[in-house]
Amino acid sequence: MKSNFSKGLLMTALITGSVMWGGTNVFAEELQEYTLDQMVVTATRTEKAILDTPASVDVVTAKDIEKSGAVKIDDVLKRVPGVSVSRSGGLATSSPMIAMRGLKNNYDTLVLLDGQPIVNAYSGTVNWNDVPVESIEKIEIVKGPASSIYGSNAASGVISITTKKAKGLHGSSALTYGTNHTWIKKINIGDKFNKFGYDLYYTATDSHTYGYEAYKTISATKTPGVPTGDNYVIESNTTGSGKVVKIGKKGDKIWNEDNYSGKFTWDFDRDKTLSLGFFKNKSKYSYDYRSHENWIGTPGKYYIDANNVFTFKNSDFDTAPGAVDERIYTIGYKDDANGWSVNAGLTDNRSWNGGVFTTDTSALSDYSSKRYNLSINKEITLTDKDTAVTGLQYVHDKMDKVKYAKDLKTKLQTGGGKSDTYGVYFQNEHNFNEKLSLIGAIRYDHWTVKDGYVTDGNGYNSAPESRSDSAVSPKIALNYKFDDSQSSYISWGKAFSAPTLYNMFSGSANNDTSQMKVVIPNPSLKPQIISTIETGWKKNFNDKTFLEVAIFYNKIKDINYKADLGKQTIDGTEYTVQQNLSGGRGENKGIEIGLNHKFDDKLSAFTNLTLQNPVIKEAQKKGEIGKLVTQTSKRLFNIGFDYSDGKFSADLAGNYYSKKYSSTTNSDVVTGVPGAYDPVFLVSLNTTYRFNKNHSVNLLINNLLDRDYYNYYNGQGRNFLLTYSYNF
């Protein structure tokens, strides 16, 4: 019944839209088509057409974002070949995981916002909610190692976000209502006065997201008892070695978010521009205990049978609150005539979770981090065949963490540290002729880790000495352009990701003397090093079909991981000790295929497929060797259709990713149970009707086929967002 209803809804939406608005052509000219003439900068730091770029590059334009109905940036990134997106909790998630080329960590992908790195200095994550999608001019995605010109964090590639520059008086407002009592309010205004321009945005989001399932582990007991109750669901755990019991659903997650952003520009002349940007994201979440579902009854101990029990309490249906307060400031100067560009900025984050909630009080953790960045770049024409780019960069990172006990006063654990990184690079492109070009680049990075500290409430105190490290990142790439519609490339390069302050100075401790646990800081962690060889082919067929293929092979060494060191006596106290170490090796072989086709002026389509095998080759435990890297998929597949006819437009897209594992031994093989990462194909439908150039209505339906799946938590079923917009 569910399947038939889903198919009927899909066909009705498409057929109805085509019939009702099939005859008008009022706004068709507003849509921009993707072409190989699209200019990109990120891959080489010089402006080049995609055909002339020796790398796997994709561009998401403002129109692409509008047509997709994307609410957050990652909504469109998941359509890009080779990009894996994992967002649990719907809108009530600020840092979904983005992975490329089989590297699972967010800090392995460099994310730039108008030139400012926005990777969190503490955890290496990115708050994708910082930037309203309406403010984005374009996103360039470069896959493959890019440390030769960008330094750390560019091991798997670069995602560069460019925001819009005001061109004249304009404004918009939008009101959205959707599933889970979701309300989104947006307003934008901008103008250009001679040389000065500004664009201001505000977004407020309030949502009661669906309640996660509450479950408990079933354990054996030495005290046999009588089975009690049956108002629960028993399922396998993720490994198949045990059982869990679903006892109900947690209360709805209440998510409140305010986002303020703006960009100011001053054009000295047609070639020189100064820009200032700010982005402030403040979000808070809690759980509505009143909306929980208790399938069992009175809290306590329950016997499944005479020898197996589970115990639950009211707080199992409730979860501690938290908040994020992040600010990003950017300064940019461009002198196109003389080849200069300067970027500076600050990414400032503070977040907390825990404390007092409806049914209990938990330990409270308070985190803060700052990342200062300054980069200066210069493009130089050496000869009529050689164009060089050189630059300098300085990055300062700082983090502090405090974990409080339930009394919210006693410090259980603290940790923090700083790092300074200096980088210099040089790249040259030599054009042998109109068809063949060679790019060579090399970068040197030197960083110092200092002022580190870790303490816990059990008396452990460590202040590691400062240390320094460095990395050299070379790259060479050859591009051959057969004609104006076809090119091929081959490249080799090395990249690195310096260890995050979190990996070096975060720790765990508790005030339970029976569980004396501590994570020893390790400022001596080595950078993860990746080397890649890649070849690709790009072809434009009759200006209607674009095909791109990339084949790559990655080798990674000095993987950072948390190791168990057993029990150790420190300052007279015995601890169970863990420490982040560098070691192990991995590899990934893969192919990415992307196809875009324009049927006519109304209908276009895209599809892409990624096949890869990111596995561990050397590890601390033998059971990890040959296993898939955690949180990565072997197969990614996307398909979509875009239809536009006058006042009506529709975008239908499907996104598939294969099974992922959370266990390093890939033992979590069971799907469809809590804690699993299931393979799933999710379909979204976005439709828009424009009454005129000022007024429009938009309906976005996610998980159109209402698939049941787990992405650790139970995934959200079919849901919708209905938006009215006014533009001038």
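Criteria and cut-off values
Residues numbered from 1 in each chain as written. Predicted model: local features only at pLDDT ≥ 70, side-chain atom pairs only at ≥ 80, totals over all residues. Heavy atoms only, no water. Helix = DSSP H or I, 4+ residues; strand = E, 2+ residues; numbered from the N terminus. Rg over C-alpha atoms; globule rule 2.2 N^0.38 Å. Buried < 20%, exposed > 50% of the residue type's maximum accessible area, 1.4 Å probe, protein only. Contact = heavy atoms within 4.5 Å. Polar contact = N/O pair within 3.5 Å; in protein donor to acceptor, adjacent residues only side chain to side chain. Pairing = 2+ DSSP bridges. Core = buried A, V, L, I, M, F, W, Y, C linked by side-chain atoms within 4.5 Å. Salt bridge = Lys/Arg side-chain N within 4 Å of Asp/Glu carboxyl O. pLDDT = per-residue confidence, 0-100. Phe/Tyr/Trp six-rings, centres within 6.5 Å; stacked < 30°, edge-to-face > 60°. Lys NZ or Arg CZ within 6 Å of the ring centre and 35° of its normal. Patch = residues over 30% accessible without salt bridge, like charges linked within 9 Å, V, L, I, M, F, W, Y side chains within 5 Å. Areas by Shrake-Rupley, 256 points an atom, 1.4 Å probe, with all protein chains shown as cover.

Right, let's talk about the overall build of the protein chain for a bit. Of the regular secondary structure elements, the protein chain holds 5 helices and 45 strands. Here the C-alpha atoms of the protein chain give a radius of gyration of 26 Å, agreeing with the 27 Å that 2.2 N^0.38 yields for 728 residues. Summarising its shape, the C-alpha atoms of the protein chain cover approximately 80 × 65 × 50 Å along the three principal directions. The buried share of the protein chain, reckoned over its 728 residues, is 55%. Nonlocal contacts in the protein chain, meaning residues at least 24 apart in sequence, comprise 67% of its contacts between residues at least 6 apart.

This paragraph deals with the side chain of His170. As for its placement among the helices and strands, His170 is situated in strand β10 (residues 170–178). A polar atom in the side chain of His170 sits 2.8 Å from the side chain of Asp199. Apart from the residues within four sequence positions on either side, His170 is in contact with Asn188, Ile189, Gly190, Asp191, Asp199 and Phe728.

Here we come to the sheet that holds strand β8 (residues 136–143). In space, the 5 strands of this open sheet follow the order β3-β8-β9-β6-β7, with mixed pairing throughout. The sheet terminates laterally at β3 (56–61) and β7 (116–117), the two strands that pair on one side only. Summarising the sheet, β8 and strand β9 (residues 157–163) pair through 7 bridges and their orientation is antiparallel. Each bridged residue has a counterpart across the sheet, and for Glu140 the counterpart in β9 is Ser160.

Attention shifts here to the pairing of strand β4 (residues 83–86). Residue alternation in β4 divides its side chains into two sets, Val83 and Val85 and Ser84 and Ser86, and both sets are buried. Two elements, β4 and strand β5 (residues 97–100), share 4 bridges in a ladder whose sense is antiparallel. By the bridge assignment, Ser86 is partnered in β5 with Met97.

As a further point, take unusual backbone geometry. Despite not being glycine, His181 has its phi angle at roughly 55°, a positive value. Mapped onto the elements of the fold, His181 is located in the loop between β10 and β11 (182–193). Given the relative accessible area of 52%, His181 is considered exposed. Backbone geometry at Gln631 places phi at a positive 65°, although glycine is not the residue there. Positionally, Gln631 belongs in the loop between β38 (615–618) and β39 (635–645).

What follows is about the environment of Gly157. When you line up the elements, Gly157 lands in strand β9. You can call Gly157 buried: its relative accessible area is 0%. Between the C-alpha atom of Gly157 and that of Met100, which follows or precedes it by 57 residues, the distance is 7.3 Å. Those residues within four positions of Gly157 in sequence are excluded, and the remaining contacts are Met100, Asp108, Thr109, Leu110, Val142, Lys143 and Gly144.

Right, let's get into the pairing of strand β22 (residues 322–335). Here 14 bridges tie strand β18 (residues 272–288) to β22, and the two strands are oriented antiparallel to one another. In the strand pairing of β22, Leu276 is matched with Ile331. By the bridge criterion, 14 bridges tie β22 to strand β23 (residues 340–356) in an arrangement that is antiparallel. Across the sheet, residue Val324 finds its bridge partner in β23, namely Ser351. Counting the residues in the hairpin turn of β22 and β23 gives 4 residues, including Gly339, whose phi is positive at 80°.

Core analysis: the biggest nonpolar cluster contains 27 residues, and Ile73, Leu77, Trp128, Ile139 and Ile141 have the highest contact counts within it. At the level of secondary structure, the elements contributing two or more residues to this core comprise α3 (74–77), β4, β5, β6 (109–113), β8 and β9. Per-element accounting of this core gives the leading share, 3 residues, to β8. Residues in contact with Ile141, not counting those within four places in the same chain, are Ser56, Val57, Asp58, Val60, Leu77, Val80, Val83, Met100, Val158 and Ile159. Counting 14 residues, the second largest nonpolar core, distinct from the first, contains Tyr122, Met399, Val454 and Phe496.

The next point concerns the environment of Val402. The residue Val402 is located in strand β25 (residues 386–404) in this model. Residue contacts for Val402: discarding those within four places in its chain leaves Leu364, Ser365, Asp366, Lys411, Gln413 and Thr414.

Per the stated rule, a full pass over the model turns up 36 salt bridges. Its salt-bridge partner being Lys216, residue Asp316 comes within 3.4 Å of it at the nearest N-O pair. Remark: Lys216 occurs in strand β13 (residues 213–217) and Asp316 occurs in the loop between β21 (308–312) and β22; sequence separation between them is 100 residues. Of the two residues, Asp316 and Lys216, both sit in the buried class. Arg290 serves as the salt-bridge partner of Asp288, at 3.0 Å between the closest nitrogen and oxygen. The exposure class of Asp288 is buried, given its relative accessible area of 11%.

Further remarks concern the sheet that holds strand β14 (residues 219–220). The strand order β14-β21-β20 describes an open sheet built from 3 strands, whose pairing is antiparallel. At either end of the open sheet lies a strand with only one pairing partner, and these are β14 and β20 (300–305).

Moving on, we come to the confidence of the model for the protein chain. For the protein chain, the mean per-residue pLDDT works out to 87, and 91% of the residues sit at or above 70. Per-element mean pLDDT across the protein chain ranges from 37 in helix α1 (residues 2–20) up to 97 in strand β37 (residues 603–612). Residue range residues 1–34 is modelled with pLDDT below 50. Its contacts to residues more than four positions away, or to other chains, number 49 contacts. Below pLDDT 50 for its whole length, residues 510–514 participates in 6 contacts with residues either more than four positions away or in separate chains.

Looking now at the environment of Thr228. Tracing the backbone shows Thr228 in the loop between β14 and β15 (233–236). Expressed as a C-alpha distance, the spacing of Thr228 and Tyr303, which sit 75 residues apart in the sequence, is 5.4 Å. When residues no more than four places from it in sequence are discounted, the contact partners of Thr228 are Lys301, Tyr302 and Tyr303.

Okay, the packing of aromatic side chains next. Tallied over the entire structure, the rule returns 22 aromatic pairs. Seen in terms of ring centroids, Tyr202 and Tyr260 are 5.0 Å apart; in terms of plane orientation they differ by 40°. Their pairing is tilted. Linking Tyr202 in strand β12 (residues 196–209) with Tyr260 in strand β17 (residues 252–267), this pair joins segments that are 58 residues apart in sequence. By relative accessible area, Tyr202 is classed as partly exposed at 27%. Aromatic rings pair up to connect Phe193, Phe196, Tyr198, Phe264 and Phe278 into one cluster. One Lys or Arg, Arg101, reaches over the ring of Phe552 and ends 4.1 Å from the middle of that ring. Over the ring of Tyr661 we find Lys659; its NZ or CZ atom is 5.4 Å from the centre of that ring.

Right, let's talk about a nonpolar patch on the surface for a bit. A cluster of nonpolar residues, Ile380, Leu382, Leu392, Val424, Phe426, Ile442, Tyr444 and Val472, forms a patch on the protein surface that exposes about 690 Å² of accessible area. Within the residue set of the nonpolar patch, elements represented by two or more residues are β26 (411–431) and β27 (436–456). Residue position: Leu382 is located in the loop between β24 (361–381) and β25. Using a relative accessible area of 46% as the deciding quantity, one classes Leu382 as partly exposed.

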